[in-house]
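# Chains, contacts and geometry: an overview
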Amino acid sequence: MGSLGSWFSQVRAVTMLNLRTLGQRRGPSAATVFGVAGVVLVFVAVLSIAEGFRATLAATGAPESVIVLRGGSDAEMMSGISRANTRLIAGGPGVLRTLQGEAASSELYVVVNLPKRSTHTDANVPLRGVQPAAFAVRPDIHLVAGRRFQWGRNEVIAGVGAAREFAGLDLGSDLRMGANVWKVVGLFSSGGSLSESEIWTDVDVLMPAYRRTMFQSVHLRLTSPAAFDRFKDAMTTDPRLDTKIVREPDYYAEQSTTLTRLITTLGVAIAVLMAVGAVFGAVLTMYSAVASRTREIATLRALGFGSGPVAVSVLTEALLLALAGGAIGGLLAYLIFNGHHTSTLNWRTFSQVAFAFKVTPRLLVAAIAVTLPMGLAGGLFPAIRAGRMPVAAALRET
């Protein structure tokens, strides 16, 4: 125990001596710190896109919310349900009944071209036709400006995300979509969900404007999440219907899979390439540190310090520099990117989704943890060299 305690005492003493002399190596040390910080900054920035996109889709829907599509459809764009069948679906067991009727909205989903405010290039924006029950199905929808559209009129309300990202959606604006001109009469929020990327109007006005005769989906609210199985069994066993029943959270979570996987793969690849450069920088920094302290290390060895504590102290210094870089990079990523609003294409619906970058604590911890192998790789060989340095030869160096 005494020998082990002495070993750790030597490690601590040499490490503290190394850290006190960092000021003499400001340039190389700063290069290592900011090299690692750059890796973490890019890594967190790219992955925060995936986190923000996933969070937006994950916030859409509740456990008791259900979307009904035509059997075999993966998205609303590929679905079609007749008006007669929508009435059968709305009357299914477990559907919430309100004073206004069943909480079931038969809907149409089309894509319109609007210019992005940032680039002035056209983008696909979802235009959703809904029935009055849509606001009971999605109780998180709240108007933040203006009023609801009037049923039977060419009026729309826009999600705050869509209004922020795309031109022409300011309150009171006129939009030419399809064969008609529509007036924006309200803006709504929905707690950061996907609905904020959409434009809403009366489905019975939208269908003839786009020459559609069928709905694409039925969004409904059940009395409780436990009613899902009973409702699904009734719909899938009814010979008059050919339906696919999905909880809304599951439906939108599946939509996020392709893009988040692509972004995550890209972010990791970029970070690995940058990390290679940062590791080489750390290796050069630590070799320089060992070379500049040749006499000092040799003197410590002559005084009885072991080669192990000397090597560990060099490795510890490399790890601390890497962790400092990781902390700086994570802080910069949070300050610059967290909450930054943008939009991207949802590959399932080929329409834009407005969302905010999300730098989460879990992402920061993972990014900073990535710096540990970088520090180890950067300090390993210089640490071995320091530990194996011949004492007599080093003491003779000027």
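Summarised in this report is the structure supplied together with it. Because the structure is a prediction, the values reported are computed rather than measured.

## Brief notes about the overall build of the chain
- Secondary structure assignment for the chain yields 12 helices and 14 strands.
- Counting contacts in the chain only where the partners sit at least 6 residues apart, residues at least 24 apart contribute 78% of the total.

## Comments concerning helix H3 (residues 83-90)
- Within H3, the full set of buried residues consists of Thr86, Ile89 and Ala90. Down the axis, H3 shows its buried residues gathered within 95 degrees of arc, on one side only.

## Digging into a nonpolar patch on the surface
- On the surface, a nonpolar cluster with roughly 680 Å² of combined accessible area is contributed by Phe34, Ile328, Leu331, Leu332, Tyr334, Leu335 and Ile336.
- No other element matches helix H10 (residues 307-337), which puts 6 residues into the nonpolar patch.
- Inspection of the secondary structure puts Leu335 in helix H10.

## Observations regarding the nonpolar core
- Counting 26 residues, the largest nonpolar core has Val112, Leu114, Leu127, Leu169, Met177, Ile199 and Tyr210 as the members making the most contacts within it.
- Those elements giving two or more residues to this core turn out to be strand E4 (104-115), strand E5 (122-130), strand E7 (155-159), helix H5 (160-165), strand E8 (174-177), strand E9 (180-189) and helix H6 (203-209).
- It is H6 that contributes the most residues to this core, 5 residues altogether.
- Not counting chain neighbours up to four residues away, the residues in contact with Leu127 comprise Leu108, Tyr109, Val110, Val112, Met177, Ile199, Thr201, Leu206 and Tyr210.
- The next biggest cluster of nonpolar side chains, apart from the first, holds 17 residues, and it includes Val44, Ala271, Ala278 and Met374.

## Details of the environment of Val160
- Relative to the elements of secondary structure, Val160 occurs in helix H5.
- Measuring from C-alpha to C-alpha, the distance between Val160 and Gly192 comes to 9.1 Å, with 32 residues separating the pair along the chain.
- With near-sequence residues (within four places) excluded, Val160 lies in contact with Val144, Phe188, Ser189 and Glu196.

## A word on the side chain of Glu51
- By secondary structure assignment, the location of Glu51 is in helix H2 (residues 26-58).
- Reaching out from Glu51, the side chain makes a polar contact with the side chain of Arg54 at a distance of 3.2 Å.

## With respect to unusual backbone geometry
- Positive phi, close to 65 degrees, is recorded for His120, a residue that is not glycine.
- Among the secondary structure elements, His120 is positioned in the loop between E4 and E5.
- In this model, Arg211 sits at a positive phi of 55 degrees, which is unusual for a non-glycine residue.
- Position of Arg211 relative to the elements: it lies in the loop between H6 and strand E11 (217-221).
- Judged by relative accessible area, Arg211 falls into the exposed class, the value being 77%.

## Here's the deal with the packing of aromatic side chains
- Counting across every chain of the model gives 8 aromatic pairs.
- Relative to Trp151, the ring of Phe149 has its centre 4.7 Å away and its plane inclined at 75 degrees; by these criteria the two rings are edge-to-face.
- By relative accessible area, which is 4% here, Phe149 ends up buried.
- What makes Trp151 partly exposed here is its relative accessible area of 37%.
- Through successive ring pairs, a cluster of aromatic residues spans Phe135, Phe149, Trp151, Phe188 and Trp200.
- Above the ring of Phe135, the side-chain terminus of Arg148 is found at 3.8 Å from the ring centroid.

Definitions and cut-offs
- Residues numbered from 1 in each chain as written.
- Predicted model: local features only at pLDDT ≥ 70, side-chain atom pairs only at ≥ 80, totals over all residues.
- Heavy atoms only, no water.
- Helix = DSSP H or I, 4+ residues; strand = E, 2+ residues; numbered from the N terminus.
- Contact = heavy atoms within 4.5 Å.
- Buried < 20%, exposed > 50% of the residue type's maximum accessible area, 1.4 Å probe, protein only.
- Arc of directions from axis to C-beta.
- Patch = residues over 30% accessible without salt bridge, like charges linked within 9 Å, V, L, I, M, F, W, Y side chains within 5 Å.
- Areas by Shrake-Rupley, 256 points an atom, 1.4 Å probe, with all protein chains shown as cover.
- Salt bridge = Lys/Arg side-chain N within 4 Å of Asp/Glu carboxyl O.
- Core = buried A, V, L, I, M, F, W, Y, C linked by side-chain atoms within 4.5 Å.
- Polar contact = N/O pair within 3.5 Å; in protein donor to acceptor, adjacent residues only side chain to side chain.
- Phe/Tyr/Trp six-rings, centres within 6.5 Å; stacked < 30°, edge-to-face > 60°.
- Lys NZ or Arg CZ within 6 Å of the ring centre and 35° of its normal.

All quantities given are derived from atomic positions and should not be read as evidence of function.
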